[in-house]
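What follows is the residue order along each chain.
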Amino acid sequence: MAIATIDPTTGKTLRSFNAHSAEELEARLKLAEETFRAYRHTALADRRRWLARAAELLESEAEHFGRLMTQEMGKPFEAAKAESQKCASACRYYVEHGEAYLRDESIDVGGDRSFVRYQPLGAVLAIMPWNFPFWQVVRFAAPALMAGNVGLLKHAHNVPQCALALEDLFLRAGFPKGAFQTLLIETGDIARVIEDPRVKAVTLTGSEGAGRAVGGQAGRALKKVVLELGGSDPFIVMPSAKLELAVETAVKARLINNGQSCIAAKRFIVHEAIYPEFERRFVERMRRVVVGDPMEAKTEVGPLATEGIRQGLHAQVEKSVAQGTRLLVGGKLSSGQGFYYPPTVLADAAPGSPAACEELFGPVAVLSRARDVEHAITLANDSPYGLGASVWTHDEAEARRFIDGIETGMVFVNAMVASDPRLPFGGVKHSGHGRELALHGIREFLNAKTVRITSGTTAPPTQASVSE
Ligand SMILES: O=CCCC(=O)O
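Residues numbered from 1 in each chain as written. Predicted model: local features only at pLDDT ≥ 70, side-chain atom pairs only at ≥ 80, totals over all residues. Heavy atoms only, no water.

- An unreviewed UniProt entry lists the protein chain under the name NAD-dependent succinate-semialdehyde dehydrogenase, with Hyalangium rubrum given as the organism.
- The annotation that UniProt attaches to the protein chain under Sequence similarities (unreviewed entry) is "Belongs to the aldehyde dehydrogenase family." (UniProt positions renumbered as here; feature names shortened; annotations may be inferred.)

### Thoughts on the UniProt feature "domain: Aldehyde dehydrogenase" (unreviewed entry) in the protein chain
Right, on to step 1. The positions UniProt marks with the feature "domain: Aldehyde dehydrogenase" (unreviewed entry) are residues 3-451.
Right, on to step 2. The span residues 3-451 carries 42% helix and 20% strand; its end-to-end C-alpha distance comes to 46 Å. (Helix = DSSP H or I, 4+ residues; strand = E, 2+ residues; numbered from the N terminus.)

### Some details on empty space enclosed by the protein
By rolling a water-sized probe across the atoms, one finds the places where empty space is left.
Right, on to step 1. Scanning all chains against the criterion turns up four cavities of 30 Å³ or more.
Right, on to step 2. Roughly 90 Å³ of volume is contained in the largest cavity.
Right, on to step 3. Those elements that provide at least two residues to the lining of the largest cavity are α5 (135-147) and α15 (438-443).
Right, on to step 4. Among the elements that make up the lining of the largest cavity, the one with the highest residue count is α5 (five residues).
Right, on to step 5. Split by residue class, the lining of the largest cavity holds seven nonpolar, three polar and three charged. (1 Å grid on protein atoms, 1.4 Å probe; cavity = no way out; pocket = protein on both sides within 12 Å on 5 of 7 lines; lining within 4 Å. Points joined across faces, edges and corners; volume = space filled by probe spheres on them. Nonpolar A, V, L, I, M, F, W, Y, C, P; charged D, E, K, R; others polar.)

### Brief notes about the pattern of salt bridges
Two side chains that carry opposite charge are able to pair once their charged atoms sit near each other.
Right, on to step 1. Applying the stated criterion across every chain, the model contains 37 salt bridges.
Right, on to step 2. Across the salt bridge formed by Arg-443 and Glu-105, the nearest N and O atoms sit 3.3 Å from each other. Of the two residues, Arg-443 is situated in helix α15 and Glu-105 in strand β3 (residues 105-106); the sequence distance between them amounts to 338 residues.
Right, on to step 3. Residue classification places Glu-105 among the partly exposed positions, given a relative accessible area of 34%.
Right, on to step 4. Of the charged contacts in the structure, one is a salt bridge between Arg-452 and Asp-112, with a shortest N-O distance of 3.0 Å. Here Arg-452 is found in strand β20 (residues 446-453), whereas its partner Asp-112 is found in the loop between β3 and β4 (113-120), with 340 residues between them in sequence.
Right, on to step 5. Classification of Arg-452 by relative accessible area gives exposed; the value is 52%. (Salt bridge = Lys/Arg side-chain N within 4 Å of Asp/Glu carboxyl O. Buried < 20%, exposed > 50% of the residue type's maximum accessible area, 1.4 Å probe, protein only.)

### As for the domain arrangement of the protein chain
Right, on to step 1. Domains assigned within the protein chain are domain 1 (3-229 + 431-467) and domain 2 (233-413).
Right, on to step 2. A separation of 31 Å is found between the C-alpha centroids of domain 1 and domain 2.
Right, on to step 3. Contacts between domain 1 and domain 2 engage 22 residues on the former and 24 residues on the latter.
Right, on to step 4. Approximately 2,000 Å² of surface area, both sides summed, lies buried where domain 1 meets domain 2, with 60% of it carried by carbon and sulfur atoms.
Right, on to step 5. By the criterion of area lost to domain 2, the three top residues of domain 1 are Thr-9, Trp-130 and Ser-431, representing 27% of everything that side buries.
Right, on to step 6. Where domain 1 touches domain 2, the interface holds zero salt bridges.
Right, on to step 7. Counting the contacts that link domain 1 with domain 2 gives nine residue pairs in polar contact (both at pLDDT 80 or more).
Right, on to step 8. A total of three residues in the side of domain 1 that touches domain 2 trace back to one element, the largest contributor, which is helix α3 (residues 62-73). (Domains from an automatic or database assignment. Contact = heavy atoms within 4.5 Å. Buried area = accessible area lost by both parts, 1.4 Å probe. Polar contact = N/O pair within 3.5 Å; in protein donor to acceptor, adjacent residues only side chain to side chain.)

### Notes on the packing of helix α2 (residues 44-60) against helix α4 (residues 77-102)
Right, on to step 1. Contact geometry for α2 and α4: axes closest at 7 Å, N-to-C directions at 165°. Relative to α4, the element α2 is oriented roughly antiparallel. Of the two elements, α2 crosses α4, and the hand of that crossing is left-handed. On the side of α2, the interface is formed by Leu-44, Arg-48, Leu-51, Ala-52, Ala-54, Ala-55, Glu-56, Leu-58 and Glu-59, while α4 contributes Ser-84, Gln-85, Cys-87, Ala-88, Cys-91, Arg-92, Tyr-94, Val-95, Glu-99 and Leu-102.
Right, on to step 2. A per-class count over the contact of α2 with α4 returns 12 nonpolar, two polar and five charged. (Axes fitted to C-alpha atoms, helices over the stretch in contact; angles between N-to-C directions. Parallel < 35°, antiparallel > 145°, perpendicular 65-115°, else oblique. Left-handed = near helix turned anticlockwise from the far one by under 90°.)

### Here's the deal with the packing of aromatic side chains
Right, on to step 1. Within this structure, the stated rule accounts for 14 aromatic pairs.
Right, on to step 2. Between Phe-170 and Phe-175, the aromatic rings sit 5.8 Å apart at their centres with planes inclined by 75°, giving edge-to-face as the arrangement.
Right, on to step 3. With a centroid separation of 5.4 Å and an interplanar angle of 45°, the aromatic rings of Phe-235 and Phe-268 are classed as tilted. Of this pair, Phe-235 sits in strand β10 (residues 233-237) while Phe-268 sits in strand β11 (residues 265-271), and the two are 33 residues apart along the sequence. The same class applies to Phe-235 as to Phe-268, namely buried.
Right, on to step 4. Each member of the aromatic cluster is reached from another via a ring pair, and the members are Tyr-39, Trp-50, Phe-170, Phe-175 and Phe-180.
Right, on to step 5. A cation over an aromatic ring shows up here: Arg-47 above the ring of Tyr-39, its NZ or CZ 5.4 Å from the ring centre.
Right, on to step 6. When the ring centre of Phe-445 is taken as reference, the NZ or CZ atom of Lys-224 above it lies at 5.9 Å. (Phe/Tyr/Trp six-rings, centres within 6.5 Å; stacked < 30°, edge-to-face > 60°. Lys NZ or Arg CZ within 6 Å of the ring centre and 35° of its normal.)

Quick look at the structure:
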């Protein structure tokens, strides 16, 4: 696929980029390795200073970065500026907590001194998606750079200007040349980079299919991999919920980022006692959503990122309806220019249809009814994915049951699922493995080295005591 900026509001190609030649790629891999050798010994105080400077730039240039994001993938401009600011908060989080997270950790084994020392691994390849073109990258890069790793970014083919701006950002913030580099390479070259001995680990945010490919390549090369894949998050509403707030949040949680977020709520599971009212209000609100130019402040939903995504989503909707799923609003392709898709509500997904089994990566919601808590949990878990879940109830026992019973990496009660630098982020099942952000995120790409220091004066342990 061409590495190019294609305006999703018009379909016009604005800028194209050549992929690196073999020599250029080799030079970048070499630089990454050489930089790591020195970078891993840089003072934590220096890394903190550079990261703090990156945060300042992300804030002061939010307008410029936001414009790039909107131009390349169509998210509303206000949300794009907020994304740049959120990146600043992730940098500041690791400025504040990184040093403590990297400290030796003592373990009391009685007598001897034992501890875990956390050491960086080296160059980490980050394969990142277009949907949050800054946030997905910075949430990997901030902890990785703080920990003394160096980053190699293979960004999505449709956000090259964001990718280059990120390399430039870290350089201007003061990080040494080579600490964070963008690789303009084709998807077909990723396997070669993963296999390269100078690359020590891989992180991917992307589709389930990409996860299988990259996870397989990293596995064959025996390299650590973090996979943050798709999701089909349930949004469960019980009778004790505040209905108005639940409906308002449901719409927001479905439409965030033009509906293209792994943690967007996609399946709305509503208790039968309140279902008719929920459906009425939800459909009414979805009908009124303002779709349009993402640069305009009043726009709630802009275009999808590519024509392929639009066609793929529409095919999922059409197939689901043909199989018996009810269509309540939307579901028609507009004839004008741009990759727009109308906010769409489906209900009672036909078994086996895309609406029942697949991730819908766009502004399409699927409603269903639950008889009680256990039925709601069964419906929620009836998905290959396990990323997040949002549960709306003011009954504490019910909330506890949902927290225990739902098979996801994250459960939010009376709130939509959202990432936060302070909270670990990641999923189970086909949503991937490993965690980003918080303490868990920085520890993913570290060698947790066990150290045990004895006095050197006692006899070696017997086999029996060693295996105890
Ligand atoms: O697409 C998944 C990430 C969304 C987020 O971190 O807010």
